[in-house]
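Next come the chains, spelled out residue by residue.
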Amino acid sequence: MLNVLKTENLTYTYEDGTKALNNVSISIEKGDKTAFLGANGSGKSTLFLCLNGILKPQHGRILFKDQPIEYSRKGLLGLRSKVGIVFQDPDNQLFSASVYQEISFGLMNLGISGQDAVKKVETIMEEMKIQPFRHKPTHLLSGGQKKQVSLADILVMEPEVIILDEPSSALDPKHTKMINDKLNSLPDSGVTVIISTHDVDYALEWADKVIVFKDGEVFAEGKTEDIFMNKELLKQTNLRQPSVIKLFIHLCERGILSRNLPVPQNFDTLERYIIGT
Ligand SMILES: Nc1ncnc2c1ncn2[C@@H]1O[C@H](COP(=O)(O)OP(=O)(O)OP(=O)(O)O)[C@@H](O)[C@H]1O
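The shown structure was predicted, so the numbers you read here are calculated from the model rather than taken from an experiment.

**A look at the packing of aromatic side chains**
For step 1, the next point in the chain: Applying the stated criterion across every chain, the model contains 5 aromatic pairs.
For step 2, the next point in the chain: Pairing F36 with F213 gives two aromatic rings, centres 5.7 Å apart and planes at 55°, and the pair type is tilted. Of this pair, F36 sits in strand β3 (residues 33–38) while F213 sits in strand β9 (residues 209–214), and the two are 177 residues apart along the sequence. Each member of the pair, F36 as well as F213, is classed as buried.
For step 3, the next point in the chain: Grouped by ring-pair contacts, the aromatic residues F36, F48 and F213 constitute a single cluster.

Put into structure tokens, the structure is as follows:
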């Protein structure tokens, strides 16, 4: 498998002396769905900002497809067209006078204009159901609409890697579903998706791999179900065991289900196990 993004011994300290990342080495494989978990302040957002070249680590390096990131203007522009980040707070991302301008901005920066750009922007606006508010100033949008636009902002660039910092935070069920559907379909087209989340149920259902952060360090990483079956690890990192796994274990302990069954990723699968017995 090709490592699309890799960090080697990354250390990042903010100006006020906060050491947010300490010796972080991770690798993300092409087409994988990776979820970062960890308590507030454990360093997930800082790592994401480093992966996109917004922050430059004091030590260590980052490789995109085996090439170290170049921090020149040209290098960063190239990196950001391939590795897109959707911020936790859309207000940190959106700044154009209108939604349409906002979504066109990245393409213009890459020198894509004319009919090509118009077509790409229109397609994404259609897909993300943005048409009804396309002429609105971004600062007048609702939280959910801002999130739709900030994702469209990145999707229009057709990046190889998309990083989403807490994609569903502050979203209602309709907007959560829209974003989740997109996150599910992107890897099918070869896009590598990385998210951070506090929602363990969602991480279990969505992710192939989980990386757990604690105090700026990688505390654990592995296949999603292995991480969530490890009660001791979850306890040490204050993570809740996903509800479906809790119930699955309980049913296994009572002899209702066989421990040999694959760990269910959601309640639909668990229901099938139960009905099938
Ligand atoms: N601009 C900044 N200046 C100083 N310290 C910062 C800054 N941004 C973040 N930090 C600190 O860096 C540490 C890591 O924060 P970071 O936002 O990366 O964590 P996180 O895991 O993404 O948290 P959350 O789950 O709450 O989003 C925290 O101690 C935080 O207070």
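**Thoughts on the pairing of strand β6 (residues 83–86)**
For step 1, the next point in the chain: Neither face of β6 is left uncovered, since the one carrying V83 and I85 and the one carrying G84 and V86 both have all their residues buried.
For step 2, the next point in the chain: Two strands pair when backbone bridges link them, and β6 and strand β7 (residues 161–165) are joined in this way by 4 bridges, in the parallel orientation. Considered in β7, the bridge of I85 is made with I163.

**A short note on the pattern of salt bridges**
For step 1, the next point in the chain: Under the counting rule described, the total for this entry stands at 10 salt bridges.
For step 2, the next point in the chain: Note that D201 and R240 form a salt bridge whose closest N and O atoms lie 2.7 Å from each other. Here D201, found in helix α7 (residues 200–206), pairs with R240, found in the loop between α9 (231–236) and α10 (243–253); they are 39 residues apart in sequence, far enough to count as distant.

**A few points about the UniProt feature "domain: ABC transporter" (unreviewed entry) in the protein chain**
For step 1, the next point in the chain: UniProt marks residues 5–240 with the feature "domain: ABC transporter" (unreviewed entry), using the numbering shown here.
For step 2, the next point in the chain: The annotated region residues 5–240 carries 37% helix and 26% strand content, and the separation between its end C-alpha atoms amounts to 28 Å.

Basis of the calculations
Residues numbered from 1 in each chain as written. Predicted model: local features only at pLDDT ≥ 70, side-chain atom pairs only at ≥ 80, totals over all residues. Heavy atoms only, no water. Phe/Tyr/Trp six-rings, centres within 6.5 Å; stacked < 30°, edge-to-face > 60°. Helix = DSSP H or I, 4+ residues; strand = E, 2+ residues; numbered from the N terminus. Buried < 20%, exposed > 50% of the residue type's maximum accessible area, 1.4 Å probe, protein only. Pairing = 2+ DSSP bridges. Salt bridge = Lys/Arg side-chain N within 4 Å of Asp/Glu carboxyl O. UniProt positions renumbered as here; feature names shortened; annotations may be inferred.

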